[in-house]
Amino acid sequence: MNKQHEPMEKQVTRETFSTSLAVFFATLGSAVGLGNIWKFPYMTGMNGGAAFILVYLFFVLLIGIPIMVSEFYLGRKTRKNAVGVFDVLKGPKSFKIIGYMGMVSAMLIMFFYSTVAGWVYSYVVKTIRGDFRFLKDLSITDAKAQTTAVFDATASGIEPMIWQGLAVIVVATILMLGVKKGIERVTKTLMPVLLTLIILIAIRAMFLPGAAEGISFLVKPDFSQLTTSSILAAMGLAFFKLSLGMGTMVTYGSYFNKENNLVGTSFKVAFSDVAVSILAGLAIFPVVFTFGLAPEGGPGLLFNTIPLVFSLLPLGNLLLVSFFVLSAIAATTAMVSMVEVPVAIFTEQFKINRKLSVVMITSVMFIIGVLTTHPDALFGYVRINGMNLFDSFDYLASNVLMPLGGLLITIFVGYYVKKNHILAELTNDGQVGNPKLIGAYHIILRYITPILLIIVFLNAMGLFS
Ligand code: TRP
């Protein structure tokens, strides 16, 4: 008899990534996002440079890697989506809430992340068109006023809604093509482009008069700047940066091939992600200091400071185009991994075909996003606790749902899964890895990560401020 006709178990053919390199680029594509550009470099500069990076790496080891490994474990062991995992594994079914919370987080994040991605897309076009070329003929004050005006125009009226729609359509198209032809092919093509561009821009920045000052702002170790709040920030960042706590790494892990070394992949992704963040800082701050500006973080850095300072350099427009292209890649591959969480749940749990799932999910993301996250949108005026909806979605997902999801994942893998099952999966049945290291991971996962996550959570809820 043909195996495919076995009556009992209806085996749904499930796609996987083809090689370990594909796994690496897809996962790095999720981790590398706007966080590397507008969060990490600025936070590092303001919190003691290399001292902060050390603290960050410490939390990557204690929070980031243990949770990432756990998510990979859940995904690859069961080959299921973030909800389906808990149908298969022994343990309380109530942990399915992790998957549903992940689905909600993906929605909430997409509402505003696609808005920002839209701004980035529009800046790709604006820089290609040379909209910022004239800045070099103005005084710094006038040029600053101009970049602010361009950004205000980009973010208001109908224009950003159209760009947001485009960003959602790009993500939907990639996802409809599937895991191999969509996610794998796109990340394998674009991540090397992103890495090349960021290296080139960083090298260019090294030759500027402000290079020494910029580098020193970023990496000069200053342990006196390490306050309680910067340590708490490093903890939260280790978690957010690596796209943890919402089932993204469970879902991607379910597409890993069985030769993949899960622990090795976690280390490689975490360290490459830090490298990208540091390169971004090395690319940005020398330019900022060369023109005597104050470093800034957040959207202001990407949409005001960067167009301003880069356009003042020789060949600056080329650098600007490169910078926004790489930001667009970062935002797009991160969104793809986010939306794949609900897509996998819809196709496998609710048995809706992939294309229809993608259309339904991305339509809801676009419609709610477009009505809520723009100042001129129908619900743009709504405030919750003084926060607009854009910030409220971010708060709810990043500060509440994701740390909670991370905590539940830690508890499930740390306390409900047998240690020898973990060891077997993480060593590929004794083929790869170091059992001692995995033993250490298990202890950290049980006793340290949950406590740190509770601290992250309480801090994010504002209990320590
Ligand atoms: N890691 C992404 C960044 O640095 C942000 C992020 C958090 C994310 N959680 C995610 C991206 C889930 C994709 C999926 O910008």
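Please refer to the structure placed before this passage.
All of these numbers come straight from a predicted model, not from anything done at the bench.

A. Structural context of empty space enclosed by the protein. Counted under the stated rule, the structure contains one cavity of 30 Å³ or more. Of the pockets and cavities examined, the largest cavity occupies roughly 180 Å³. If you go around the largest cavity, you meet 17 residues; those closest to its centre are Ser30, Tyr113, Phe240, Ser243 and Met338. The leading source of residues in the lining of the largest cavity is helix H14 (residues 316-348), at three residues. Tallied by class, residues from the lining of the largest cavity come to ten nonpolar, six polar and one charged.

B. Structural detail: the environment of glycine 29. Relative to the helices and strands, glycine 29 resides in helix H1 (residues 20-31). Of the residues examined, glycine 29 reaches a relative accessible area of 0% and is grouped as buried. Sequence-wise, glycine 29 and alanine 397 are 368 residues apart; in three dimensions their C-alpha atoms are separated by 20 Å. Residues contacting glycine 29, with those up to four places away along its chain left out, are Met191, Ala330, Thr333 and Ala334.

C. Quick peek at H14. The terminal C-alpha atoms of H14 lie 48 Å apart, and with 33 residues this matches the ideal 48 Å at 1.5 Å per residue to within 8%. Of all the bends found along H14, the most pronounced is centred on glutamate 340 and spans about 30°, while proline 342, a proline, follows it within four residues.

D. The packing of helix H3 (residues 50-78) against helix H10 (residues 228-241), seen in detail. Closest axis-to-axis distance for the H3/H10 pair is 8 Å, and the angle between their directions is 45°. By the criterion of interaxial angle, the relationship of H3 to H10 is oblique. For H3 against H10, the interelement crossing comes out right-handed. Listed contacts from H10 to Phe52, Val55, Tyr56, Phe59, Val60, Ile63, Gly64 and Ile67 of H3 are Ser230, Ile231, Ala234, Met235, Leu237, Ala238, Phe239 and Lys241. Across the contact of H3 with H10, the residue classes break down as 13 nonpolar, two polar and one charged.

E. The site of the ligand, seen in detail. Surveying the vicinity of the ligand reveals 16 residues, the closest of which are Ala31, Gly35, Tyr113, Lys241 and Ser243. At a separation of 3.2 Å, a nitrogen atom of the ligand approaches a polar backbone atom of phenylalanine 240. Measuring from a nitrogen atom of the ligand, one finds a side-chain N or O atom of serine 243 at 3.2 Å. For the ligand, whose free accessible area comes to 360 Å², the fraction covered by protein is 100%. Elements that contribute at least two residues to the shell around the ligand include exactly H1, helix H2 (34-46), H10 and H14. Per-class residue counts for the shell around the ligand are eight nonpolar, seven polar and one charged.

F. How the structure looks around the packing of aromatic side chains. Per the stated rule, a full pass over the model turns up 28 aromatic pairs. A centroid spacing of 5.9 Å and a plane angle of 85° characterise the contact between phenylalanine 17 and tyrosine 255, whose relative ring orientation is edge-to-face. Here the residue phenylalanine 17 occupies a position in the segment before H1, and tyrosine 255 occupies one in the loop between helix H11 (248-253) and helix H12 (262-290), the gap between them amounting to 238 residues. Comparing phenylalanine 17 with tyrosine 255, the two get one shared label, buried. Plain terms: the ring middles of phenylalanine 24 and phenylalanine 25 are 5.4 Å apart, the flat faces sit at 55° to each other, and that makes the pair tilted. Taking the ring centre of phenylalanine 240 as reference, the NZ or CZ of lysine 39 above it sits at 4.1 Å.

G. Inspection of helix H8 (residues 178-206) at higher detail. Its 29 residues place the ends of H8 40 Å apart at the C-alpha level, agreeing with the 42 Å of an ideal helix rising 1.5 Å per residue. A bend of about 25° at glutamate 184 is the largest found in H8.

H. Fine view of the layout of surface pockets. Taken as a whole, the largest pocket encloses approximately 1100 Å³ of empty space. Lining the largest pocket we find 43 residues, and of these Lys39, Asp394, Tyr395, Ser398 and Asn399 sit closest to its centre. Broken down by secondary-structure element, the contributors of at least two residues to the lining of the largest pocket are H2, helix H5 (97-129), H10, strand S2 (387-388), helix H16 (389-416) and helix H18 (435-460). With eight residues, H16 is the largest single contributor of residues to the lining of the largest pocket.

I. Structural view of the side chain of asparagine 81. For asparagine 81, the location among the structural elements is in the loop between H3 and helix H4 (85-88). The class for asparagine 81 is buried, based on a relative accessible area of 0%. Within the local environment of asparagine 81, its side chain forms a polar contact with the side chain of glutamine 349, the two groups lying 3.0 Å apart. Among all residues touching asparagine 81, those that are not within four sequence positions of it are Arg14, Ala344, Ile345, Glu348 and Gln349.

The rules behind these values
The residue numbers shown here count from 1 along each chain, following its written sequence. It should be noted that, the model being predicted, local features are given only for residues of pLDDT at least 70 and side-chain atom pairs only at 80 or more, the latter also being counted only at that level, while totals for whole chains, interfaces and linings use all residues. Note that water and hydrogens are dropped before the side-chain values are worked out from all heavy atoms of the structure. Both site types are read off a 1 Å grid over the protein atoms alone. A 1.4 Å probe that fits but cannot get out defines a cavity, while an open set with protein on both sides within 12 Å along at least five of seven lines defines a pocket; lining residues have an atom within 4 Å of a point. Grid points are joined across faces, edges and corners, and a volume is the space filled by probe spheres set on the points. Helix and strand assignments come from DSSP, with helices taken as H or I runs of at least 4 residues and strands as E runs of at least 2, each series counted from the N terminus. Note on residue categories: nonpolar means Ala, Val, Leu, Ile, Met, Phe, Trp, Tyr, Cys or Pro, charged means Asp, Glu, Lys or Arg, and polar means any other residue, Gly included. Exposure is judged per residue with a 1.4 Å probe applied to protein chains only, and the accessible area is read against the type maximum: over 50% gives exposed, under 20% gives buried, and values in between give partly exposed. Here a residue-residue contact requires only that any non-hydrogen atoms of the pair lie within 4.5 Å. One less than the number of residues in a helix, times 1.5 Å, gives the span that helix is expected to have. Two axes enter the definition of the bend at a residue: one is fitted to the seven residues ending there, the other to the seven starting there, and the bend is the angle between them. To get an axis, a line is fitted to the C-alpha atoms, and for a helix only the part in contact is used. The angle between two axes follows their N-to-C directions and goes from 0 to 180 degrees. The labels follow the angle: roughly parallel below 35 degrees, roughly antiparallel above 145, roughly perpendicular from 65 to 115, and oblique for the rest. By the definition used in this description, the sense in which the near helix is turned from the far one sets the handedness, with an anticlockwise turn below a right angle giving left-handed and a clockwise turn giving right-handed. Distances are taken per atom, and a residue is near a molecule or strand as soon as one of its heavy atoms is within 4 Å of it. Counting of polar contacts relies on pairs of N or O atoms within 3.5 Å, with two restrictions inside protein: one atom must be capable of donating a hydrogen and the other of accepting it, and residues adjacent in sequence are counted only when both atoms are side-chain atoms. Only the protein chains shown count as cover for residues, and all accessible areas are computed by the Shrake-Rupley method using a 1.4 Å probe. A pair of aromatic rings is counted whenever rings of Phe, Tyr or Trp (Trp by its six-membered ring) have centres within 6.5 Å, and the orientation is called stacked for planes under 30 degrees apart, edge-to-face for over 60 and tilted otherwise. We call a charge positioned above a ring when the Lys NZ or Arg CZ atom is no farther than 6 Å from the ring centre and deviates by at most 35 degrees from the ring normal.

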